Amino acid sequence: MSIKPVIILCESLPVGLKANFSAVLGMSLGQLHPDLVGADTPTGDGVALSGITRVALPVLGAPEDDLPQLFAAAEALPVRLAYMRAAFEARNYDDYRARIASAPLAGHRPQALLLAGPRKAVDRICGSLPLLR
């Protein structure tokens, strides 16, 4: 299946958190769709460089208050990942899992999203969002 992935970040986050959250979501996408990662590629002198993404992965910005609605609008997409505030506040993965389990989905605040699916469906949800600057 050909999919269009996008990352949507809370535009008010500090740049270091934006980079971190993007990396975390990108790792999750690679696990879900290893076919999106290209083959290792040798340099001219024979050094093998690990494969990188074979698809564009735009990083968009949105106000924090818009992220829950964007996440809800993407419910039917094949890939809908969220980096919740609980992940940022947790001390470790077990603490994160406990924090997530302690409240319903509506009680969590997404800080970053990764959405992927058919181009038209993804564009309908976030096509008006600007590239992150």
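Everything quoted here is computed from the prediction, not taken from an experiment.

This next bit is on the overall build of the protein chain. For the protein chain, the count of helices and strands is five helices and six strands. The secondary structure elements of the protein chain, listed N-terminal to C-terminal, are β-α-β-β-β-α-β-α-α-β-α. Considered along the principal axes of its C-alpha atoms, the protein chain spans approximately 50 × 35 × 30 Å. Put simply, the protein chain has 133 residues, and 35% of those count as buried. Counting contacts in the protein chain only where the partners sit at least 6 residues apart, residues at least 24 apart contribute 74% of the total. Element-wise, carbon and sulfur atoms account for 56% of the exposed surface of the protein chain, whose accessible area totals about 8,000 Å². Positive and negative side-chain charges of the protein chain, numbering 13 and 12 respectively, have mean locations separated by a distance of 4 Å.

So, about the nonpolar core. If you look at the biggest cluster of nonpolar residues, it comprises 31 residues, and the most contacted ones within it are Ile 8, Leu 70, Leu 114, Leu 115 and Cys 126. The set of elements that each furnish at least two residues to this core consists of β1 (4-10), α1 (15-32), β4 (59-62), α2 (67-73), β5 (79-84), β6 (110-117) and α5 (119-126). Not counting residues up to four positions away in its chain, the partners in contact with Leu 114 are Val 6, Ile 7, Leu 25, Gly 26, Leu 29, Val 79, Arg 80 and Leu 81.

The next subject is the packing of aromatic side chains. Taken as a whole and judged by the stated rule, the model has three aromatic pairs. Members of the aromatic cluster, joined through ring pairs, are Phe 21, Tyr 83 and Phe 88.

Take the sheet that holds β5 next. The strand order β4-β1-β6-β5 describes an open sheet built from four strands, whose pairing is mixed. Two strands lie at the open edges of the sheet, namely β4 and β5, each paired on one side alone. The mean angle between the axes of side-by-side strands here comes to 20°, regardless of whether they run parallel or antiparallel. As paired strands, β5 and β6 are joined by six bridges and run antiparallel to one another. Following the sheet pairing, Leu 81 is matched in β6 by Leu 114. Relative to β5, α1 is tilted by about 145°, and along the sheet it contacts β1, β4, β5 and β6. Each of β1, β4 and β6 touches α5; the most contacted strand, β1, lies at about 15° to it.

Our next topic: the confidence of the model for the protein chain. Averaged over all residues, the pLDDT of the protein chain equals 95, while 99% of them reach at least 70. No element of the protein chain has a lower mean pLDDT than helix α3 (residues 85-89), at 92, and none a higher one than β6, at 98.

What follows concerns the state of the cysteines. The tally for this structure, following the rule as stated, stands at zero disulfides. Cysteine Cys 126 remains unbridged, with the sulfur of Cys 10 as its closest cysteine sulfur at 16 Å. What makes Cys 126 buried here is its relative accessible area of 3%.

Calculation notes
- Residues numbered from 1 in each chain as written.
- Predicted model: local features only at pLDDT ≥ 70, side-chain atom pairs only at ≥ 80, totals over all residues.
- Heavy atoms only, no water.
- Helix = DSSP H or I, 4+ residues; strand = E, 2+ residues; numbered from the N terminus.
- Buried < 20%, exposed > 50% of the residue type's maximum accessible area, 1.4 Å probe, protein only.
- Contact = heavy atoms within 4.5 Å.
- Areas by Shrake-Rupley, 256 points an atom, 1.4 Å probe, with all protein chains shown as cover.
- Lys, Arg positive; Asp, Glu negative; His and termini not counted.
- Charge placed at Lys NZ, Arg CZ, Asp CG, Glu CD.
- Core = buried A, V, L, I, M, F, W, Y, C linked by side-chain atoms within 4.5 Å.
- Phe/Tyr/Trp six-rings, centres within 6.5 Å; stacked < 30°, edge-to-face > 60°.
- Pairing = 2+ DSSP bridges.
- Axes fitted to C-alpha atoms, helices over the stretch in contact; angles between N-to-C directions.
- pLDDT = per-residue confidence, 0-100.
- Disulfide = S-S within 2.5 Å.

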